[in-house]
Number of protein chains: 2
Amino acid sequence: MHAILDPAVKSFVPVPDGSHFPLYNLPYGIFSPAAGESPRAGVRIGDHVLDLSLVEDAGLLDGAGLPRGTFSQPWLNRFMELPAENRRLARILIHGLLRQEEPTLRDNAGLRRRALVPVDEVVMHLPVMIRDYTDFYSSREHATNVGIMFRGKENALMPNWLHLPVGYHGRASSVVVSGTDIVRPCGQTIAPDAEAPSFGPSRLLDIELEMGFLVAGENALGAPVPVDEAWDRIFGMVVVNDWSARDIQKWEYQPLGPFNAKNFATSISPWIVTIDALMPFACAAPAQDPEPLPYLREKERRTFDIALTVDLEAPEADGPVTICESNFRYLYWTMAQQLAHHTCTGCNLGTGDLLASGTISGPDKGSFGSLLEITWRGSEPIALPGGGQRKFLADGDRVTMSGVCAKDGLRLGFGEVTGRILPAVEPGQ
Amino acid sequence: MHAILDPAVKSFVPVPDGSHFPLYNLPYGIFSPAAGESPRAGVRIGDHVLDLSLVEDAGLLDGAGLPRGTFSQPWLNRFMELPAENRRLARILIHGLLRQEEPTLRDNAGLRRRALVPVDEVVMHLPVMIRDYTDFYSSREHATNVGIMFRGKENALMPNWLHLPVGYHGRASSVVVSGTDIVRPCGQTIAPDAEAPSFGPSRLLDIELEMGFLVAGENALGAPVPVDEAWDRIFGMVVVNDWSARDIQKWEYQPLGPFNAKNFATSISPWIVTIDALMPFACAAPAQDPEPLPYLREKERRTFDIALTVDLEAPEADGPVTICESNFRYLYWTMAQQLAHHTCTGCNLGTGDLLASGTISGPDKGSFGSLLEITWRGSEPIALPGGGQRKFLADGDRVTMSGVCAKDGLRLGFGEVTGRILPAVEPGQ
């Protein structure tokens, strides 16, 4: 079903050793070749971006049956909503064009110069017009850690957690592309033992290491997607930083869940790695006990082995420090289960929906995906290189998350999602 | 600031006594003149819809400075994102065109025949491409009733409730226009004393009587909207039925809030009544104690006097029964406070966002806005006309909500939002 290209094939475009973007990967993004130029679609290869709008205009993707101008849009949605067969054909044709031995683009000096843009010249944009954004809570380790902190060890997991992939609706408008600065949010918080809340900049600004998938195609309202058909609706994946204001969250979240604590920004990596590209890294998801209800039972519990890292760079420190090494495969609930659960009521998912995993924590302290867990509510600060420490984020801090797959000599990655904290702007200023 | 047209002026289009749609109202909607024809914008007057795309094409709105084709779009978003001044000019010009003494349209038999379509011939569509949907919880009476049922009288209101307008992100994709049938959702629920949940059709399907407002214009990410500037961002209002599966909600909602319990459908009335049209019905919002924090303190606490009714029509009953009479003015938190709170973190709101009020319950049992409250969790069933009763919704039930303003001889309304329950479709069927 999934066309797996030959990972051994090389490109005429140089790919540095250790690059996340070998010829095999070909993730999709939206870029401008230079600041001020119109956004269009591209794929990343090594340290270059292939301008798909030019390649499409030149007729080199004609075999894929794309509607004219598919890659000249400022979003990938038009491409994503095409039948899977057309999208696969496009990937195969793009792969073919970039092969070492294929002269069409290689020997067309003019097109090659225009269509292959060095990555340090481009401006990346949000790749998808995000319709609805849903955030799950699918890491057992994360849910357990948070549960222990707030409710004690005996009641760490809520009674529903092992039976369904808990999730909530997030804010789509504030999903931003990697590199966007994050303004520290203001909000209501209440000091311990205070009688009334106060308003001001969040003091417990946190990260959440997540991954998300982008939905392709529509199911009609009232028509659930069976769990074993859910994979056909997943276009590809990105790394997600779900910025979180813990002090705002603590005061506001009862009884309807997080709202202002999360609505100020969610950052995603700019390159969408397709499910086809990830197939060599498929692996079994964790066994589930108790067995889930039939609508969540998968014939094959598939997930991906994606190593994730989080680096923190504080302005006063001597360089960045790695604060988390986790893996997507730790998640208890799979993407297929999330999608099936989301639609079991008849909820319609559409092209461009973003479904994120929730914080991806592993079993050990070194693999926890939020500062809340890493510093255990601030009680065990992170030591910064060269002195100093962090409990939560300070102004000027930069957080960079990355994901890499490696197996049998094949290595590919997601690049990074990075963001820097700017000081708060209080209303009225 | 708000141009208030003269309510005494009559139209050459007949307006039946008691109509929600006198010349003064002129609410905007999206309609097709007949099934299969392309959607375009219109205003409602009496029992007719004025086709604004034809009126605009004929040059009769030229003075409003609208970009060409503004009213030929399948959504109102392009119109809503225009500066308030242009939108007001459009309303004044449309009002002028429909006046009794104005011959331009009245005496142009051809245009009049094409542009004024009897309402029983048109198909109404969702009027706005809804970007993000947020649902608040702003009725003190509703929050108190629910709190008493689930936590007892002493702890009815959560500690945060009187300090901030509690809200959560809802599902935008499943917002549907009045008249859309609602398929009963399936989901996980747990029986009292059961050890494990089961999956099937919701047995406690409920309504929530709400109103919502549509946002006009954008604030940049990181730029809060001060509470006294919030009114400039409100385009108009609709009546909202936030269908809710109480049994799914009860099992899933801890700790991240309602998800599947609400994501299957939210219905809105098709005609957006502008804030300008509502200004004669402005009134003071309830006094607040404790005084809210400065960012939520309004120079003028303005709300609207809008009488709301809910009718239930069961298939086996002898006609409909009115199950709720409430009023928008009961709400403790105003629309301006909701908008200011939503953006105080820097969250960006955009044209087409829908912000709903939460269930609007009044002080008396007859004014409760959900079956949960009306039947007090099913313990006090509703008697149906001709026999039979209801605790929650049965298949075939139709619920119709309506809103009307009346003052000093001027009366206008929202029409209705109606929906009928269809039997569940279980996954795999």
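Owing to the predicted nature of the structure, the values given are computational and were not obtained by experimental measurement. (Residues numbered from 1 in each chain as written. Chains lettered and ligands numbered in written order. Predicted model: local features only at pLDDT ≥ 70, side-chain atom pairs only at ≥ 80, totals over all residues. Heavy atoms only, no water.)

1. A look at the overall build of chain A
Selection criterion: What counts as a helix is a DSSP run of H or I of at least four residues, what counts as a strand is a run of E of at least two, and both are numbered from the N terminus. Put simply, the radius of gyration uses C-alpha atoms, and a globule should come to 2.2 Å times the residue count raised to 0.38. Exposure classes here rest on a 1.4 Å probe applied to the protein chains alone. A residue is buried below 20% of its type maximum, exposed above 50%, and partly exposed in between.
Of regular secondary structure, chain A possesses 10 helices and 26 strands. Taking 22 Å as the expected radius of gyration for a compact globule of 429 residues, we find that chain A reaches 22 Å, a close match to that expectation. The principal-axis extents of the C-alpha atoms in chain A amount to approximately 70 × 50 × 45 Å. Taking all 429 residues of chain A together, the buried fraction comes to 62%.

2. Some remarks on the relation of the copies chain A and chain B
Formally: A least-squares superposition brings the copies together, and it is based on the C-alpha atoms of residues with pLDDT no lower than 70 in both.
Of the transformation superimposing chain A on chain B, the axial component is 0.0 Å and the angular component is 180°, with the fit at an RMSD of 0.0 Å. Between the two chains, the operation in question is that of a two-fold axis. The rotation axis passes nearest to the C-alpha of Gly257(A) in chain A, at a distance of 2.2 Å.

3. Remarks on the layout of surface pockets
The condition that has to hold: Definitions used for this entry: grid spacing 1 Å over protein atoms alone; cavity, a set of points where a 1.4 Å probe fits but cannot get out; pocket, an open set with protein on both sides within 12 Å along at least 5 of 7 lines; lining residue, one with an atom within 4 Å of a point. Grid points are joined across faces, edges and corners, and a volume is the space filled by probe spheres set on the points. Polarity classes work like this: nonpolar for Ala, Val, Leu, Ile, Met, Phe, Trp, Tyr, Cys and Pro, charged for Asp, Glu, Lys and Arg, and polar for all others, with Gly in that last group.
What the largest pocket holds in volume is close to 930 Å³. Taken together, 36 residues line the largest pocket, and the ones lying closest to its centre are Phe150(A), Arg246(A), Asp247(A), Gln249(A) and Lys250(A). Those elements that place two or more of their residues in the lining of the largest pocket are strand E6 (133–136), helix H6 (140–151) and helix H7 (246–252) of chain A. For the lining of the largest pocket, the leading source of residues is H7(A), giving 5 residues. Looking at the lining of the largest pocket residue by residue, the classes come out as 18 nonpolar, 7 polar and 11 charged. What the second largest pocket holds in volume is close to 730 Å³. In terms of lining, the second largest pocket is formed by 31 residues, of which the most central are Phe150(B), Arg246(B), Asp247(B), Gln249(B) and Lys250(B). At the level of secondary structure, the elements contributing two or more residues to the lining of the second largest pocket comprise strand E6 (133–136), helix H6 (140–151) and helix H7 (246–252) of chain B. Here the residues of the lining of the second largest pocket sort into 16 nonpolar, 5 polar and 10 charged.

4. Digging into the sheet that holds strand E26 (residues 410–422) of chain B
All names here are of chain B. Defined as follows: The rule for pairing is simple: two strands pair if DSSP sees at least two bridges between them.
Strand order in the open sheet formed by 5 strands is E9-E26-E25-E20-E21, and the pairing between neighbours is mixed. The open sheet is flanked by strand E9 (182–183) and strand E21 (321–327), the only strands paired with a single partner. With 6 bridges joining them, strand E20 (residues 307–313) and E21 adopt antiparallel strand pairing. Within E21, the position partnered with Leu 308 by the bridge is Ser 326.

5. A short note on helix H9 (residues 335–343) of chain A
The condition is simple: Pairs of residues are marked as contacts when any of their non-hydrogen atoms sit within 4.5 Å.
With 9 of its 9 residues buried, H9(A) lies for the most part within the structure. The elements touched by buried residues of H9(A) are E6, strand E7 (167–169), strand E13 (209–215), strand E14 (234–241), strand E19 (302–304) and strand E22 (354–356) of chain A.

6. Topic: the side chain of Arg87(A)
Residues and elements named next belong to chain A. For clarity, the cut-off: Charge convention: Lys and Arg are scored as positive, Asp and Glu as negative, and His as well as the terminal groups of each chain are ignored. The term salt bridge refers to a pairing of a side-chain nitrogen on Lys or Arg with a carboxyl oxygen on Asp or Glu at a separation within 4 Å.
Looking at where Arg 87 falls in the secondary structure, it is placed in helix H3 (residues 84–98). Here Arg 87 occupies a buried position and makes no salt bridge, while the nearest side chain of opposite charge, Asp 276, is found at 7.1 Å. Look past the residues within four positions of Arg 87 in its chain and what remains in contact with it is Tyr 28, Phe 79, Met 80, Leu 82, Ala 216 and Phe 235.

7. Description of the packing of aromatic side chains
Threshold: Note on aromatic contacts: the rings of Phe and Tyr and the six-membered ring of Trp form a pair at centre separations within 6.5 Å, being stacked when their planes are under 30 degrees apart, edge-to-face when over 60 apart, and tilted otherwise. Whether a charge lies above a ring is judged from NZ of Lys or CZ of Arg, which has to be within 6 Å of the ring centre and within 35 degrees of the ring normal.
All chains considered together, the criterion is met by 21 aromatic pairs over all chains. Ring geometry for Trp161(A) versus Tyr332(A): centroids 5.5 Å apart, planes at 45°, classification tilted. Taken together, the positions of Trp161(A) in the loop between H6 and E7 and Tyr332(A) in the loop between strand E21 (321–327) and H9 put the pair 171 residues apart, joining distant regions of the chain. Taken individually, Trp161(A) and Tyr332(A) each receive the classification buried, so the pair is uniform in this respect. Centre to centre, the rings of Tyr332(A) and Trp333(A) are 5.4 Å apart; their planes meet at 80°, and the pair counts as edge-to-face. Grouped by ring-pair contacts, the aromatic residues Tyr28(A), Phe71(A), Phe79(A) and Phe235(A) constitute a single cluster. We note Arg91(A) situated over the ring of Tyr24(A); from NZ or CZ to the ring centre the distance is 5.2 Å. Here the guanidinium or amino end of Arg302(B) rests over the ring plane of Trp231(B), the centre of that ring lying 4.6 Å away.

8. Examining the pattern of salt bridges
All chains considered together, the criterion is met by 40 salt bridges over all chains. Here Lys262(A) ties to Asp242(A) by a salt bridge, and the two come within 3.1 Å at their closest N and O atoms. Remark: Asp242(A) occurs in the loop between E14 and strand E15 (244–245) and Lys262(A) occurs in the loop between H7 and strand E16 (266–268); sequence separation between them is 20 residues. Grouping residues by exposure puts Lys262(A) and Asp242(A) together as buried. A salt bridge links Arg106(B) to Asp107(B); the nearest nitrogen and oxygen atoms lie 2.9 Å apart. The network of salt bridges with common partners includes Asp206(A), Glu208(A), Asp242(A), Arg246(A) and Lys262(A).

9. A few points about unusual backbone geometry
All names here are of chain B. Across the junction of Gln 254 and Pro 255, the peptide omega takes the value 5°, indicating a cis bond. Tracing the chain through its elements places Pro 255 in the loop between H7 and strand E16 (266–268). Along the chain, Asp 289 connects to Pro 290 via a cis peptide bond; the corresponding omega equals 5°. Here the phi dihedral of Asp 193 falls at roughly 70°; this positive angle occurs in a residue that is not glycine. Structurally, Asp 193 is set in the loop between strand E10 (186–189) and strand E11 (198–201). In this structure Asp 193 comes out as exposed when scored by relative accessible area, which is 83%.

10. Description of the sheet that holds strand E9 (residues 182–183) of chain A
Residues and elements named next belong to chain A. Spatial strand order, E9-E26-E25-E20-E21: 5 strands in an open sheet with mixed pairing. Bordering the open sheet on either side are E9 and E21, each of which pairs with just one other strand. Pairing analysis gives 9 bridges linking strand E25 (residues 398–407) to strand E26 (residues 410–422), with the strands arranged antiparallel. If you follow Val 404 over to E26, its bridge partner there is Gly 413.

11. So, the interface of chain A and chain B
Heads up, the rule is: Buried area is calculated as the accessible area (1.4 Å probe) missing from two parts once they are joined, with the contributions of both summed. Under this definition, polar contacts are N or O atom pairs within 3.5 Å; protein pairs additionally need one hydrogen-donor-capable and one acceptor-capable atom, and for neighbouring residues in sequence, both atoms have to be side-chain atoms.
Taken residue by residue, the interface counts 60 residues in chain A and 60 residues in chain B. Of the roughly 5800 Å² buried between chain A and chain B, counting both surfaces, carbon and sulfur atoms make up 61%. Inspection of the region where chain A meets chain B yields 4 salt bridges. Close ionic contact of Arg171(A) with Asp132(B) constitutes a salt bridge, the shortest N to O distance being 3.5 Å. Counting across the interface, chain A meets chain B through 28 residue pairs in polar contact (both at pLDDT 80 or more). If you list the elements that add at least two residues to the side of chain A that touches chain B, you get E6, E7, strand E10 (186–189), strand E11 (198–201), H7 and H9 of chain A. The residue inventory of the side of chain A that touches chain B, partitioned by class, reads 34 nonpolar, 21 polar and 5 charged.

12. Side note on the confidence of the model for chain A
Going by this rule: Scored between 0 and 100, pLDDT is the confidence that the predictor attaches to each residue.
When pLDDT is averaged along chain A, the result is 96, and 98% of the positions lie at 70 or above. ipTM for the predicted complex: 0.96, alongside a pTM of 0.97.

13. Examining the domain arrangement of chain A
All names here are of chain A. What counts is decided by this rule: Domain segmentation is taken from an automatic or database assignment of domains.
According to the domain assignment, chain A consists of domain 1 (28–125) and domain 2 (133–422). Taken over C-alpha atoms, the centre of domain 1 sits 30 Å from the centre of domain 2. Across the contact, 16 residues belong to domain 1 and 14 residues belong to domain 2. A combined buried area of about 1300 Å² lies between domain 1 and domain 2, and 65% of that area is made up of carbon and sulfur atoms. Summed over the shared surface of domain 1 and domain 2, the number is 1 salt bridge. Close ionic contact of Asp 276 with Arg 88 constitutes a salt bridge, the shortest N to O distance being 2.9 Å. Counting across the domain 1 and domain 2 interface gives 2 residue pairs in polar contact (both at pLDDT 80 or more). Secondary-structure elements contributing two or more residues to the side of domain 1 that touches domain 2 are strand E1 (28–32), strand E2 (40–45), helix H2 (77–80), H3 and strand E5 (123–125).

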